[in-house]
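# Observations on the model geometry
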Amino acid sequence: MRVLIVGGGGREHAMAVSVAKSARRPEIVCAPGNAGTATVAENVDVAAEDIDGLLALVEERGVDLTLVGPEAPLCAGIVDRFEAAGRRVFGPNAKAARLEGDKTFCKKLLMESGVPTASGRCFDRYDHARQYLATRDTPQVVKAAGLAAGKGVVVCDDPADAILEAEAMMVEGRFGDAGRRIVVEEKLEGEELSVHAIVDGHSVYVLESSQDHKRVGDGDTGPNTGGMGAYSPAPIATDEVLREIESEILVPVLDALVRRDIHYRGVLYAGLMLTAGGPKVLEFNCRFGDPETQAMLPRMKTSLLDVAEACLDGRLDGLSLEWDPRPAVCVVMASGGYPGSYQRGITIGGLDAAAAIADAFVYHAGTTTLDGRVVTNGGRVLGVTALGDTIQAAQDRAYQAIDCIRFDGGFCRRDIGARALGVRPAKTVGPRVL
Ligand code: AMP
Ligand code: GLY
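Residues numbered from 1 in each chain as written. Chains lettered and ligands numbered in written order. Predicted model: local features only at pLDDT ≥ 70, side-chain atom pairs only at ≥ 80, totals over all residues. Heavy atoms only, no water.

## Observations regarding the sheet that holds strand 6 (residues 120–123)
In space, the four strands of this open sheet follow the order 6-9-7-8, with antiparallel pairing throughout. Of all the strands in the sheet, just strand 6 and strand 8 (153–156) have a single pairing partner and so form its edges. Averaged over all adjacent pairs, the angle separating strand axes in this sheet is 15°, with direction ignored. Sheet topology note: the strand 7 (residues 140–144)/strand 9 (residues 182–186) ladder contains five bridges and is antiparallel. Each bridged residue has a counterpart across the sheet, and for V141 the counterpart in strand 9 is E185. With respect to the sheet, helix 7 (residues 126–134) is in contact with strand 6, strand 7 and strand 9, its orientation differing from that of strand 6 by roughly 160°. (Pairing = 2+ DSSP bridges. Helix = DSSP H or I, 4+ residues; strand = E, 2+ residues; numbered from the N terminus. Axes fitted to C-alpha atoms, helices over the stretch in contact; angles between N-to-C directions. Contact = heavy atoms within 4.5 Å.)

## What about the site of ligand 1?
Every one of the 14 residues lining ligand 1 counts as a neighbour, but E185, L188, E192, K214 and E283 are closest to it. Within the side chain of K143, one N or O atom sits 3.0 Å away from a nitrogen atom of ligand 1. Note that an oxygen atom of ligand 1 is positioned 2.4 Å from one of the side-chain N or O atoms of E192. Protein contacts shield 89% of the accessible area of ligand 1, which totals 470 Å² for the unbound molecule. Residues of the shell around ligand 1, tallied by class, amount to six nonpolar, no polar and eight charged. (Near = heavy atom within 4 Å. Polar contact = N/O pair within 3.5 Å; in protein donor to acceptor, adjacent residues only side chain to side chain. Areas by Shrake-Rupley, 256 points an atom, 1.4 Å probe, with all protein chains shown as cover. Nonpolar A, V, L, I, M, F, W, Y, C, P; charged D, E, K, R; others polar.)

## A look at the packing of helix 5 (residues 94–101) against helix 6 (residues 103–112)
Taken N-terminus to C-terminus, the directions of helix 5 and helix 6 make an angle of 90°; their axes are 6 Å apart at the nearest point. Between helix 5 and helix 6, the angle is such that the two are roughly perpendicular. Contacts between helix 5 and helix 6 involve K95, R98, L99, E100 and G101 from the first element and K103, F105, C106 and L109 from the second. The residue inventory of the contact of helix 5 with helix 6, partitioned by class, reads four nonpolar, one polar and four charged. (Parallel < 35°, antiparallel > 145°, perpendicular 65-115°, else oblique.)

## Considerations on the confidence of the model for the chain
Atom-level detail of predicted coordinates should not be read off regions where pLDDT is low. Looking at the chain as a whole, its pLDDT mean stands at 94, while 97% of the residues score no less than 70. Contacts from residues 423–428, a stretch scored under 50 in pLDDT, to residues over four places away or in other chains number 12 contacts. (pLDDT = per-residue confidence, 0-100.)

## Things to note about helix 13 (residues 391–402)
One turn of an α-helix holds 3.6 residues; hence residues three or four places apart share an orientation. Here helix 13 contains 12 residues, and its C-alpha end-to-end distance of 16 Å stays within 8% of the 16 Å for a straight helix at 1.5 Å per residue. Inspection of helix 13 places I391, A394, Q395, A398, Y399, A401 and I402 among the buried residues, and these make up the whole buried set. Here the buried residues of helix 13 occupy an arc of 155° about the axis, which is enough to place them on one side. Considering only its buried residues, helix 13 is in contact with strand 15 (229–232), strand 18 (328–334), helix 12 (351–355), strand 19 (360–364) and strand 22 (380–387). (Expected span 1.5 Å × (residues − 1). Buried < 20%, exposed > 50% of the residue type's maximum accessible area, 1.4 Å probe, protein only. Arc of directions from axis to C-beta.)

## What about the site of ligand 2?
Every residue near ligand 2 is listed here: D212, G226, Y269, N285, R287, G289, D290 and E292. A distance of 2.7 Å separates a nitrogen atom of ligand 2 from a polar atom in the side chain of D212. One of the side-chain N or O atoms of E292 is found 2.8 Å from a nitrogen atom in ligand 2. Residues that form the shell around ligand 2 fall into these classes: one nonpolar, three polar and four charged.

## Topic: the pairing of strand 20 (residues 367–370)
Strand direction decides the pairing type here: strand 20 and strand 21 (residues 373–376), joined by four bridges, are antiparallel. Along strand 21, the bridge assignment pairs L370 with R373. The antiparallel pairing of strand 20 with strand 21 creates a hairpin that spans two residues between the two strands, and D371 there sits at a positive phi of about 50°.

## So, the nonpolar core
The biggest cluster of nonpolar side chains holds 82 residues, and the ones touching the most others in it are L99, F284 and I405. Looking at this core element by element, the count peaks at 10 residues for helix 9 (residues 239–259). When sequence neighbours within four positions are dropped, the list of residues in contact with I405 reads M333, I348, G349, G350, L351, A354, V362, L382 and V384. Among the nonpolar cores identified, the runner-up in size contains 30 residues, and V3, A16, F288 and M296 belong to it. (Core = buried A, V, L, I, M, F, W, Y, C linked by side-chain atoms within 4.5 Å.)

Put into structure tokens, the structure is as follows:
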């Protein structure tokens, strides 16, 4: 069996490793992949956004199943194109991917169906947004409606700043077309939590919880990044909280989509705030989180290939996922300067020593090979994950592995997982038929 994994980050390396452990012994192709995926798959230099190129690759290689990592091709309709060509592909179609690709669509759907979320409004005219914001006297969050590579959300403690942000997005075009329409919502207080579910149109299967660290600096300081680390499970996600998220959020959202004749299939990622009034939706993503996946998938004993096939065959309700009960911590090593500008092509040393540590895994993100050396090729370079009997043990081991690795300018946060220390993880959940 031949499997294509679309993308080239740490998430896709973790997906490839999980697919590779299937008893079906699949042959894996990654497009474009990185130096890490090259150890479990064949990398082919086709960009993740090049849907024509990817379809040609699938036809040329006789690929049986495609798994899509990033949101851009999903929102651009890779699933619709592949299905029209009779190709099996795991992920939501373009209409369903609007949950992530169009925050105004998502916000309206949540509010119309009474799903708990921050109260807010959608705007396509700046003068209307300004008028509304001028009447606010509490902190506001301004969100570009379209895809903005994780940068399109600004939390404004002073509502006057929100007017400036709305102007930058809607008038000055800071995020291009993605920011011409915006969502404005109240700032929520609480702990953040990521919950992933596999959805097949009939059932939803909630995966083990996780949490990422978005800010660049220790103690959650400095600018937002794509994610500087993650841990799984998130101890705040007790069984009761997960059940509430499933029945009050995931099931109603999927029902609301079905009422609009949209049938979601694939991974659904809910970014949530656990507020004093219960869990509320911050956002939905139409794919696995990065780096949450690098903390979650090493704990999933069942191969992602078997999960994806069960989903595509409508067999999720009969699936029973096996998890390693031990927690995992993933620490990201980034290039000096990230999330601003950074150099590429810097030699990375110590990878073998890190990988030799028991229960530690080095996932590559922004890496490539040059003259037989592994060199940096992006902002987030590696995600080093370790399992341990406790979060503390997993954290100690992840940093032991991280400390083997060296490259000029490379840095990481030293407090990944700290929020979870001293709190006991919950048990797992099973599939739920809609
Ligand atoms: P999003 O891409 O919508 O998840 O937003 C990115 C980050 O902005 C989230 O992970 C939160 O940290 C923060 N955020 C988004 N919406 C809100 C909100 N309503 N209240 C507080 N923080 C928020
Ligand atoms: N870690 C956040 C995301 O993947 O969107």
